[in-house]
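One-letter residues, chain by chain:
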Amino acid sequence: MYKWLIPAFCVAGAVMAGGGALLARFEPDEALPGGQTATIDDHGKNAFSLPAPGLTDAQKTDFVIGNSFFKKAWVEAPSSTAARDGLGPHFIARSCGACHALDGRGAPPDIENGIQAEQPMALLIRLSIPGQDAHGGPLPEPVYGGQFNNDAIPGVAPEGKVEIRYTEIAGRFADGTRYTLRQPSYRLTDLGYGPLDPGTLLSPRVAPHMVGLGLLEAIRTEDILANATRQAAEGRGIRGEPNWVWDAPSGKMVLGRFGWKGNVGTIAHQSAGAFRDDIGITSQHFPEQTCTARQADCRAAPSGGEPEIDARKMDQVILYSQTLAVPSRRDPRSPAVLRGKQVFADANCVSCHVPSYTTGQHPTLTALSNQKIWPYTDMLLHDMGDGLADGRPDFKANGRQWKTPPLWGLGLIPAVNGHSNYLHDGRARNLMEAVLWHGGEAEDSKQYVLKLNRQDRDNLVRFLESL
């Protein structure tokens, strides 16, 4: 896994950059980050929306149907469009694709001159109060539940509005180059059902891009847990921890692999949970709406069926979400990218952003099994410091911990989604800002980057953009 971390002068075929800087070695299979059966060469607007090439014909058909139910808007019940009615009562978006536009990454709303352009859609606010639910997860806020929904069908009050403000924080690199970071703050206003519990905890979460999710699901649990053992043995202050979470489809506790805090264990749970929480669509996995006792209008709203999306269609949406292909690398052999890769290693970013795995046997998708993949994640929780802390626990994750996100597809966000907002709440306006927000266990890595010269900072960004 770590062959390319060997100093370049010790590696056969290694080269030196023009200024004498070491270049990391290129490994041929890293050009196919999704492996032989789940990598595609599209780098344009639809780079995140294509199926893994290794699917069977029947799976490709299910992919197309799942795509339809993922991207098409749902409507209020009752409706002549019976297969797509049941929107709400409360919701954030009318479709999955409204938040994951082109299966890509969401962003917070634009703010110009202190004015917020619109209500967030691709950024949601999780809610809880101190304590745990029956499965050890967050305890929902008693009036507004576990998620704040700022839209509703006619006759039902929206839960309120989300107000976002930013404070600029100035800093400089060791060479004197200045930069600024923006620190967000969040306030819930126009509350539809009275005040929030005074102990309410808020956590913003932006919709991530969707590629390679089934491949992450196929990584062996023992390989993920081995990352924590290795990090502890390295003695460099990196202390990754697994999250263990309740999985509704299987009815048991499993390793958390998805969500910004590793708070979801399977794509089945993630997909069905998003249908209920974000769109208000019930399924076999989540058959009840989230209306609380105080929300009488929500509880009295018409239903689109029991459940509102049937089991077959839900399974097709799950397959769709599992099998979106990973785009191939761009210019991975270029000297700038290879130098950036070396800087990434020298800064010890690879301790958490583990470059590669070989997947195990996926329980339902042979195409995702036994593939050498390059996601750049350890799938573990890490203390990221005060700057990124949300103060809200989520199963085993504490208020300072976040799961290491995979980096594949990172450089294509501007091409697919037309923006360059990163991190869990989109506060970072470019990749370097995302790096500079790292603290806690990643503080030493950030300090290394702060001391880089401009050329190596640019090379590091070039490497990240190539993923």
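Here, the structure is the one placed above.
Definitions and cut-offs
- Residues numbered from 1 in each chain as written.
- Predicted model: local features only at pLDDT ≥ 70, side-chain atom pairs only at ≥ 80, totals over all residues.
- Heavy atoms only, no water.
- Helix = DSSP H or I, 4+ residues; strand = E, 2+ residues; numbered from the N terminus.
- Contact = heavy atoms within 4.5 Å.
- Polar contact = N/O pair within 3.5 Å; in protein donor to acceptor, adjacent residues only side chain to side chain.
- Buried < 20%, exposed > 50% of the residue type's maximum accessible area, 1.4 Å probe, protein only.
- Phe/Tyr/Trp six-rings, centres within 6.5 Å; stacked < 30°, edge-to-face > 60°.
- Salt bridge = Lys/Arg side-chain N within 4 Å of Asp/Glu carboxyl O.
- Disulfide = S-S within 2.5 Å.

(A) Structural view of the environment of W260. Topologically, W260 is positioned in the loop between β13 (252-255) and α5 (267-279). Not counting chain neighbours up to four residues away, the residues in contact with W260 comprise R105, R205, V206, P208, W402, K403, P405, L423 and H424. A polar side-chain atom of W260 sits 2.8 Å from the main-chain carbonyl oxygen of V206.

(B) Geometry of the environment of E443. Tracing the backbone shows E443 in helix α11 (residues 443-450). Judged by relative accessible area, which is 27%, E443 ranks as partly exposed. Along the primary structure E443 and T377 are separated by 66 residues, whereas in three dimensions their C-alpha atoms are 18 Å apart.

(C) Geometry of the packing of aromatic side chains. All told, the structure shown has ten aromatic pairs when counted by the stated rule. Both rings, one in F70 and one in Y320, keep their centres 5.2 Å apart while their planes meet at 50 degrees; by these two values the pair is tilted. On the criterion of sequence distance, the pair formed by F70 in helix α1 (residues 57-71) and Y320 in helix α7 (residues 311-322) is long-range, its members being 250 residues apart. Looking at F70, the relative accessible area reads 3%, which means it is buried. On the basis of relative accessibility, which here comes to 0%, the residue Y320 falls in the buried class. Judged by centre distance (6.1 Å) and plane angle (70 degrees), the rings of Y144 and Y193 are edge-to-face. Taken together, the positions of Y144 in the loop between β6 (138-139) and β7 (147-148) and Y193 in the loop between β10 (178-189) and β11 (201-206) put the pair 49 residues apart, joining distant regions of the chain.

(D) Seen up close, the side chain of H209. Structurally, H209 can be placed in the loop between β11 and α3 (213-217). A residue is classified by how much of its surface remains accessible, and H209, at 11% relative accessible area, is buried. A polar contact is formed between the side chain of H209 and the backbone oxygen of W408, at a distance of 2.8 Å.

(E) Region of interest: the environment of S49. Mapped onto the fold, S49 is located in the loop between β1 (39-40) and α1. C-alpha of S49 to C-alpha of Y320: the two residues are 271 residues apart in sequence and 9.6 Å apart in space. Not counting residues up to four positions away in its chain, the partners in contact with S49 are F63, K71, L102, D103 and L324. A distance of 3.1 Å separates a polar atom in the side chain of S49 from the backbone oxygen of L102.

(F) Expanded view of the pattern of salt bridges. Per the stated rule, a full pass over the model turns up 22 salt bridges. Note that R457 and D175 form a salt bridge whose closest N and O atoms lie 3.0 Å from each other. Here D175 lies in the loop between β9 (161-172) and β10 and R457 lies in helix α12 (residues 454-466), a separation of 282 residues in the sequence. Look at D175 and you get partly exposed, because its relative accessible area is 41%.

(G) Looking closely at the state of the cysteines. In this structure the tally under the stated criterion is one disulfide. In this model C291 forms its disulfide with C298; the gap between the sulfur atoms is 1.9 Å. Here C291 and C298 share a disulfide; its torsion about the S-S bond, -60 degrees, makes the bridge left-handed. Take C291 and C298: they sit in the same class, and that class is buried. Free cysteine: C349, not disulfide-bonded; nearest cysteine sulfur from C352 at 8.7 Å.

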